[in-house]
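Now for the letters of each chain:
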Amino acid sequence: MKAQILSILRGSAEAVSGESIGTRLGVSRVAIFKQIGKLRELGYNIVSTPSGYQLRYEPDTLFPWAFPGREDRMHYFPETGSTMELARKLAREGCPSLTVVTADIQTRGRGRLDRLWQSEEGGLYFTVVTRPRLTPDACHQVIFVASWIVAFLLSEMYAIDARLKWPNDVLVQGKKIAGMLSEIEAESDQVLYVNIGIGINMNNDVSGVTSPATSVKTILGSRVSRRDFFAGFLDALEKHLGKEDFFGVLSRWKHMSDTLHRPVRIVTLKETIEGVAEDIDADGALVVRQKSGKSRRIVYGDCFHA
Ligand code: BTN
């Protein structure tokens with residue numbers, strides 16, 4: 001009911017009476033009064049005027065009802081260990097595609113290669129469960145789509161010159177602004193789920209992060225709405241996953257890439273490969289031309305720009 005009340009208040013420049021909200025939702029004026037009280041406790045500034053209620057301010061909290069149409073699939077926590085854990089549990093229990101777990105703070109945020117992902121207040125941390133109709137060897141497509149959307153939205157919404165570093169970091173002037181990882185479960189040729197965990201430095205303080213990092217707030221000099229960015233991301237992800245146009249996305253990904261055509265050093269578990277990044281192939285592998293003239297396809301590793 002909170003989502004419906006907020007949607008009525010958002011959609012009206014004038015105050016709306018409790019009576020008329022109640023009639024539209026088929027409940028009593030008293031029920032509306034109680035819900036308004038709860039919303040105020042959660043930080044919404046809803047003023048009472050002689051002609052009814054008026055919404056003056058919405059907190060930037062990722063409550064399910066802040067995402068109309070997605071409420072049933074949004075799981076919000078003020079604090080959790082890692083959103084990856086609950087998302088895995090929900091995925092194994094059969095939750096629908098585009099179920100999301102998000103938290104304001106993570107106490108055990110996980111990065112790629114078992115690193116820690118610092119997850120302080122102000123950042124956007126979430127895991128999306130997807131159920132693509134892909135074979136297991138094509139699942140990298142989902143994370144390429146997701147990383148391109150993050151970079152694209154940073155540039156569209158805030159005019160930030162976001163660039164992509166293979167395999168899926170988002171950088172601004174060489175500093176990391178977002179990172180992501182994926183978790184896949186499949187049975188023979190059938191993918192059960194691809195969970196994508198994304199951390200974006202939005203309004204959080206990155207001064208304590210050891211590797212070079214930046215945030216939207218540092219770049220713009222003011223806080224931004226995490227909700228608006230998140231809603232834009234989920235809409236775009238839904239649209240692009242449905243379209244199944246991976247090659248279109250890959251070409252846009254390459255266009256925003258910071259890795260291609262520059263000297264790179266790739267560290268894998270077994271070796272270090274140096275050369276010039278030439279291409280990203282249809283499997284998401286980085287093609288590196290080595291000094292010897294030989295090309296190498298690299299599927300997994302830590303990429304450093306020289
Ligand atoms: C990386 O660049 O190393 C990947 C960072 C991924 C961080 C996100 S935050 C939300 C989700 N939960 C986690 O524990 N990790 C991912």
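Please refer to the structure higher up on the page.
In short, a report on the structure. (Residues numbered from 1 in each chain as written. Predicted model: local features only at pLDDT ≥ 70, side-chain atom pairs only at ≥ 80, totals over all residues. Heavy atoms only, no water.)

Considerations on the overall build of the protein chain
This is how it is decided: Numbering of helices and strands runs from the N terminus; a helix is a DSSP stretch of H or I covering at least four residues, while a strand is a stretch of E covering at least two. For every residue, the accessible area (1.4 Å probe, protein chains only) is compared with the maximum for its type, and the residue is labelled buried under 20%, exposed over 50%, or partly exposed between those bounds. Residues count as neighbours in contact if any of their non-hydrogen atoms are within 4.5 Å of one another. Here the Shrake-Rupley method, with its probe set to 1.4 Å, supplies the accessible areas, and only the displayed protein chains count as covering residues.
In terms of helices and strands, the protein chain carries 8 helices and 14 strands. Considering only C-alpha atoms, the protein chain reaches an extent of 80 × 45 × 35 Å along its principal axes. A total of 306 residues make up the protein chain; the buried ones form 49% of that total. Within the protein chain, counting contacts between residues at least 6 apart in sequence, those at least 24 apart form 62% of the total. Summing over all exposed atoms, the protein chain offers an accessible surface of approximately 15,000 Å²; the carbon and sulfur share of this is 50%.

Quick word on the sheet that holds strand β10 (residues 263-267)
Threshold: One bridge is not enough; two strands pair if DSSP finds at least two bridges between them. Note on method: axes are straight lines fitted to C-alpha atoms, helices fitted across the in-contact stretch only, with angles between N-to-C directions ranging 0 to 180 degrees.
Pairing is antiparallel across the open sheet formed by 5 strands, whose spatial order is β13-β12-β11-β10-β14. Edge positions in the open sheet fall to β13 (295-298) and β14 (302-305), since each of these has one partner strand only. Neighbouring strand axes in the sheet, compared pairwise and without regard to direction, differ in orientation by 45° on average. Here strand β12 (residues 286-289) pairs with β13 via 4 bridges, running antiparallel. What sits directly across from L286, in β13, is I298.

Observations concerning the state of the cysteines
Here is the rule we go by: Defined by distance alone, a disulfide is two cysteine sulfur atoms within 2.5 Å.
Per the counting criterion, the structure on display carries 0 disulfides. This cysteine, C95, is not joined by any disulfide, and C139 carries the nearest cysteine sulfur, 15 Å off. You can call C95 buried: its relative accessible area is 10%.

Observations regarding the side chain of N168
Structurally, N168 is set in the loop between β6 (162-165) and β7 (169-172). Of the residues examined, N168 reaches a relative accessible area of 7% and is grouped as buried. When sequence neighbours within four positions are dropped, the list of residues in contact with N168 reads R112, I143, S147, G179 and M180.

Quick look at the site of the ligand
Selection rule: It suffices for a single heavy atom of a residue to lie within 4 Å of a molecule or strand for the residue to be listed as near it. Here a polar contact is taken to be a pair of N or O atoms separated by no more than 3.5 Å, where protein atoms must pair a possible hydrogen donor with a possible acceptor and residues adjacent in sequence count only if both atoms sit in side chains. Under the grouping applied here, Gly and all other residues not named as nonpolar or charged are polar, the nonpolar ones being Ala, Val, Leu, Ile, Met, Phe, Trp, Tyr, Cys and Pro and the charged ones Asp, Glu, Lys and Arg.
Inspection of the region around the ligand gives 19 residues, with S82, Q106, R110, R112 and K176 positioned closest. The contact in question runs from an oxygen atom of the ligand to an N or O atom on the side chain of S82, over 2.7 Å. In this structure, an oxygen atom belonging to the ligand sits 2.6 Å away from a main-chain N or O atom of R112. For the ligand, whose free accessible area comes to 410 Å², the fraction covered by protein is 98%. Elements supplying a minimum of two residues to the shell around the ligand: α4 (83-92), β5 (124-130), β8 (175-187) and β9 (190-200). A class-by-class count of the residues in the shell around the ligand yields 6 nonpolar, 9 polar and 4 charged.

Concerning the environment of G221
Here G221 lies in the loop between α6 (216-220) and α7 (226-243). Using a relative accessible area of 65% as the deciding quantity, one classes G221 as exposed. Residues G221 and T135, spaced 86 residues apart in sequence, show a C-alpha to C-alpha distance of 43 Å.

Overview of the sheet that holds β9
As summarised here, the arrangement of the 7 strands in space is β3-β4-β5-β9-β8-β7-β6, forming an open sheet in which the pairing is mixed. Looking at which strands have only one partner, the edges of the open sheet turn out to be β3 (74-80) and β6. Taking the axes of each pair of neighbouring strands and ignoring which way they run, one obtains an average angle of 20° across the sheet. With 6 bridges connecting them, β3 and strand β4 (residues 99-106) associate as parallel partners. By the bridge assignment, F77 is partnered in β4 with A103. Against the sheet, helix α5 (residues 140-158) touches β5, β6, β7, β8 and β9, its axis set at about 155° to β8.

Digging into the packing of α5 against helix α8 (residues 246-255)
So the rule is basically this: With respect to orientation, any angle under 35 degrees is reported as roughly parallel, any angle over 145 as roughly antiparallel, any angle of 65 to 115 as roughly perpendicular, and every other angle as oblique. Less than a right angle of anticlockwise turn of the near helix away from the far helix marks a crossing as left-handed, whereas a clockwise turn marks it as right-handed.
Orientation of α5 relative to α8, taken along the N-to-C sense of each, is 50°, at an axis distance of 10 Å. In this view, α5 runs oblique relative to α8, as classed from their interaxial angle. Helix-helix and strand crossings are classified by hand; for α5 and α8 the assignment is left-handed. The residues of α8 that touch α5, namely those facing H140, Q141, F144, V145, S147 and W148, are F246, V249, L250, R252 and W253. Taken together, the residues that form the contact of α5 with α8 break down as 7 nonpolar, 3 polar and 1 charged.

With respect to helix α3 (residues 29-41)
To keep things clear, this is the line we draw: To estimate the expected span of a helix, subtract one from its residue number and multiply by 1.5 Å. Arc, as used here, means the arc of the directions from the helix axis to the C-beta atoms.
End to end, α3 covers 19 Å across 13 residues, agreeing with the expected 18 Å (1.5 Å per residue, within 8%). Among all positions of α3, only I32, Q35, I36 and L39 are buried. Seen from one end, α3 has its buried residues packed into an arc of 105°, which puts them on one side. Seen from the open side of α3, the exposed residues pointing more than 90 degrees away from its buried face are F33, K34 and E41. Buried positions along α3 lie against α1 (2-10), α2 (18-25), β1 (45-49) and β2 (52-57). Where α3 ends, the next residue or the one after it, G43, has phi of about 110°, a positive value.

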